[in-house]
Amino acid sequence: SALFADNEGAYLAGVAAAKASKTGKIGFIGGMQSDVITRFQAGYTAGAKSVNPNIKVDVQYAQSFTDAAKGKTIAHAMYGAGEDVVYQCAGGVGVGAFNEAKAQNEGKNEADKVWLIGVDQDQKYLGNYTSKDGKKSNFVLVSTIKEVGKVVRDMADKTKANKFPGGSVTTYNLKNGGVNIGYDNVTSSIKSAVETAKEDIISGKITVPSK
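Calculation rules
Residues numbered from 1 in each chain as written. Predicted model: local features only at pLDDT ≥ 70, side-chain atom pairs only at ≥ 80, totals over all residues. Heavy atoms only, no water. Helix = DSSP H or I, 4+ residues; strand = E, 2+ residues; numbered from the N terminus. Contact = heavy atoms within 4.5 Å. Areas by Shrake-Rupley, 256 points an atom, 1.4 Å probe, with all protein chains shown as cover. Lys, Arg positive; Asp, Glu negative; His and termini not counted. Charge placed at Lys NZ, Arg CZ, Asp CG, Glu CD. Axes fitted to C-alpha atoms, helices over the stretch in contact; angles between N-to-C directions. Parallel < 35°, antiparallel > 145°, perpendicular 65-115°, else oblique. Left-handed = near helix turned anticlockwise from the far one by under 90°. Nonpolar A, V, L, I, M, F, W, Y, C, P; charged D, E, K, R; others polar. Buried < 20%, exposed > 50% of the residue type's maximum accessible area, 1.4 Å probe, protein only. Pairing = 2+ DSSP bridges.

S.K.: So what about the overall build of the chain? Which residues, and what values?
M.R.: Check the secondary structure of the chain and you find 6 helices and 10 strands. C-alpha extents for the chain along the principal axes are approximately 60 × 35 × 30 Å. Of the contacts made within the chain by residues no fewer than 6 positions apart, 76% connect residues no fewer than 24 positions apart. Roughly 10000 Å² of accessible area belongs to the chain as shown, and the carbon and sulfur atoms make up 51% of that amount. Charge separation in the chain, taken as the distance between the mean sites of 26 positive and 21 negative side-chain charges, equals 2 Å.

S.K.: Describe the packing of helix 1 (residues 6-20) against helix 2 (residues 35-51), and please don't skip the residues or the numbers.
M.R.: At their nearest, the axes of helix 1 and helix 2 sit 6 Å apart, and the two run at 40° to each other. Looking at the two axes, helix 1 sits oblique to helix 2. Viewed along their axes, helix 1 and helix 2 form a crossing whose handedness is right-handed. Contact residues: helix 1 offers Asp6, Asn7, Ala10, Tyr11, Ala13, Gly14, Val15, Ala17, Ala18 and Lys19, while helix 2 offers Val36, Arg39, Phe40, Gly43, Tyr44, Ala46, Gly47, Ala48, Ser50 and Val51. Per-class residue counts for the contact of helix 1 with helix 2 are 12 nonpolar, 5 polar and 3 charged.

S.K.: Could you give me a rundown of the pairing of strand 2 (residues 25-30), with the residues and numbers involved?
M.R.: Consecutive side chains along a regular strand alternate between the two faces of the sheet. Extensive coverage of strand 2 is indicated by the burial of 5 of its 6 residues. In terms of strand pairing, strand 2 meets strand 3 (residues 56-61) through 6 bridges, oriented parallel. Opposite Phe28, over in strand 3, you have Val59 as the bridge partner. Examined bridge by bridge, strand 2 and strand 4 (residues 85-89) share 5 bridges and lie parallel to one another. Residue pairing in the sheet places Ile26 in a bridge with Val85 of strand 4.

S.K.: Explain the environment of Phe164 residue by residue, including any values.
M.R.: Looking at where Phe164 falls in the secondary structure, it is placed in the loop between helix 5 (148-160) and strand 9 (170-172). Judged by relative accessible area, which is 52%, Phe164 ranks as exposed. Spatially, the C-alpha atom of Phe164 lies 9.6 Å from that of Asp154, the residues being 10 residues apart in sequence.

S.K.: Could you give an account of unusual backbone geometry, with specific residues and numbers?
M.R.: If a residue is not glycine, its phi is most likely negative; likewise, a peptide bond is most likely trans. Positive phi outside glycine occurs at Gln63, with the angle close to 60°. Along the polypeptide, Gln63 turns up in the loop between strand 3 and helix 3 (68-80). Judged by its relative accessible area of 45%, Gln63 falls in the partly exposed class. Positive phi values are uncommon outside glycine, yet Asn162 reaches one of about 55°. On the basis of relative accessible area, Asn162 is assigned to the exposed category, the value being 73%.

Treat this as a map of the structure, not an account of what it does.
Here is the structure:
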């Protein structure tokens, strides 16, 4: 089996979210509650609180990975409550969150934009919009990335060398390049803070919780 240290990528997303938030309130939308999604939630919360211990992290689960309407409803409530950065880890539910982020931002001036965080792939391509004051922009702050292609290649290379790790579990993390982060629309200061956290996780200085 191959597992991903999603909590490590989510920690970096939390750092970026806390740095970008103007309100001190951010959101997390999960799909179904499970060990996997809990890893995202735990890492995101820990990363945000490493920047601002008093930040409010609103965690809500859709109890679905397919209900886009539920994702839109949750995101609408979060943005309405002043949460200006939302991380969606909810499969198809996240489509609704993207639709809501676009609707929110098209009704605002660029200076008042709210953010969404992508998951599993670089989702910047889903975040384009035109603001109320006519500026073309993008609302994806960062994306946490699962390097599935690299993992498939690594397994194939090990198999070719007669070293296929049968019967064992390999965890792919920041250190071995299995998870990563896309710096979609961060400022240089946010990128610097995330890079520092990334180095500290890789070195072992920071241990990211998974629960």
